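Coordinate analysis (summary)
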Amino acid sequence: MVGIQKDSGTAARGQWGSRLGFIFAAAGSAVGLGNIWKFPYATAEGGGGWFVLIYIACIAVVGLPVMMSEIIIGREAQRSPVPAFEGLSGGKTMWSLVGWMGVVAGFMILSYYSIVAGWVLDYIKEAVTGGLSDLTSAGSEAMFGDLFQNFGRNVLWHALFMAATVGIVLGGVQKGIERGATIMMPALFVMLIGLMIYATTLDGFGAGMEFVFEPKGDKLEPGSVLKALGQAFFSLSLGMGALITYGSYLSKKDDIVFASAAITGMDLFVALMAAMIMFPIVFSAGLPPAGDAGLAFITMPVAFATIPGGTILAVVFFVLLLFAALTSAISLLEVVVATIIDKFGWTRKRTTLVVGAIIFAVGVPSGKSDLMIGSKSFFGWMEMISSNILLPLGGMAIALFVGWVMPQSKVYENFNAGRERAFAYRGWLFLVRFVVPVAILLVFLHAVGIIPND
Ligand code: TRP
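Residues numbered from 1 in each chain as written. Predicted model: local features only at pLDDT ≥ 70, side-chain atom pairs only at ≥ 80, totals over all residues. Heavy atoms only, no water.

1. What about unusual backbone geometry?
Among all residues save glycine, negative phi is the norm, and among peptide bonds the norm is trans. Unlike most non-glycine residues, Asp 134 shows phi in positive territory, near 55 degrees. Here Asp 134 is to be found in the loop between helix H6 (93–128) and helix H7 (137–149). Judged by relative accessible area, Asp 134 falls into the exposed class, the value being 71%. Phi at Ser 237 is positive, roughly 60 degrees, even though this residue is not glycine. Along the chain, Ser 237 falls in the loop between helix H11 (222–235) and helix H12 (242–247). We classify Ser 237 as buried; its relative accessible area is 14%. (Helix = DSSP H or I, 4+ residues; strand = E, 2+ residues; numbered from the N terminus. Buried < 20%, exposed > 50% of the residue type's maximum accessible area, 1.4 Å probe, protein only.)

Here it is, written out as structure tokens:
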């Protein structure tokens, strides 16, 4: 059955209260744990300044065009991904599968994302109660190890974080998601800029900047480009319909090109700032740089214990991480919730509670760090399957859909709403039709190991 007939129609759906509210909500989705613990280290490891240039090129050529595609699909259909694909393709099942794939990806990503966000909650508690002062390197490693291996504590924090996410999504589009983002995003920027100013005053500022940004040509390899593209995709929340869903609450008048550029700009800004804050702090404390979870949860706490004003800075840093994670988690949950509401006509309240409980349950095994399935932990598989397989496939399908399947008059109308951009439209259409699918195909082949790393 075609979903369009079954859902409750546009009138009952939410809409953003303002364009800025939409931009904050979407930027909130984009700005997340990916910006803060993945980008800085990926840059330092992937060629420094060269990596930044490649990353920016990936955003311009692939990320931004796909973001506009997602918002165009959502805004045109005024539906969540599954019914949007169905409605705009004339009910073809293959396209509704792309929508469902996004729903599955949302489930998987949120289930493990919430475990990591739970660690952030634990560290906020430690930072506030003074548990992070006098931390040594060995002590910090032991502390994170204890948390990582403590199944009960992981599940407890995971439950709390999911409850917070559910609580906001329950409020609906304007009173929950938009309001949450309109409070948390400006607060996040204030904290970020505060930390940035502090970082420039440190002795290790130069060393940190050099570590991240010095162009290291010898580290450049074909794999760097593909890595940058994968990072751009995850960081911009692309490939699973998060921005289709957010776009579906956007009014017909709003300028999608401008909004996409603003969202992308904020995401890049936060990623660059995170790199410029974290490594100077690490080097000022005389510590060796680490990557991923080790950087945020082991090295940074030691650095905070070492530098002046560290106790307060630690609280600010982890609250910043929490806001980044929460606004992203909201978008992941909203994709699933909106789909169920649109397809089955459940109330938002019932949908959010049921879906939240299921995602919580799916996430529980990710809190058990010694649960191995073959070569990877449960957590590792969830992460691998969602970001390396589902997101690239979804992103490719989205570009192909907008480039080749959706009626071109509708695509044109949406691209040019707010302001006529005939020339930019041609360039964008060329990217979406040809360049984006090929680029993503390469990333995909790389991610599943068909193209080797070097
Ligand atoms: N972009 C977020 C981050 O950088 C994560 C995220 C939220 C996401 N929603 C998404 C990733 C949708 C992919 C798809 O942490």
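There is more to say, and it comes next.
2. Quick word on the site of the ligand
Taken together, the neighbourhood of the ligand is formed by 15 residues, with Ala 30, Gly 34, Tyr 113, Phe 234 and Ser 237 sitting nearest. Contact between the ligand and Ser 29: a nitrogen atom at 3.2 Å from a main-chain N or O atom of the residue. Elements that contribute at least two residues to the shell around the ligand include exactly helix H2 (19–30), helix H3 (33–45), H11 and helix H15 (310–344). Class assignment for the residues of the shell around the ligand results in seven nonpolar, eight polar and no charged. (Near = heavy atom within 4 Å. Polar contact = N/O pair within 3.5 Å; in protein donor to acceptor, adjacent residues only side chain to side chain. Nonpolar A, V, L, I, M, F, W, Y, C, P; charged D, E, K, R; others polar.)

3. Quick notes on the layout of surface pockets
Estimates place the volume of the largest pocket at around 1,100 Å³. If you go around the largest pocket, you meet 44 residues; those closest to its centre are Lys 38, Asp 292, Glu 383, Ser 387 and Asn 388. Secondary structure elements with two or more residues in the lining of the largest pocket: H3, H6, H11, helix H14 (292–306), strand E2 (376–377), helix H17 (378–405) and helix H19 (422–447). Of all the elements, H17 adds the most residues to the lining of the largest pocket, at nine residues. Residue composition of the lining of the largest pocket, grouped by class: 24 nonpolar, 13 polar and seven charged. (1 Å grid on protein atoms, 1.4 Å probe; cavity = no way out; pocket = protein on both sides within 12 Å on 5 of 7 lines; lining within 4 Å. Points joined across faces, edges and corners; volume = space filled by probe spheres on them.)

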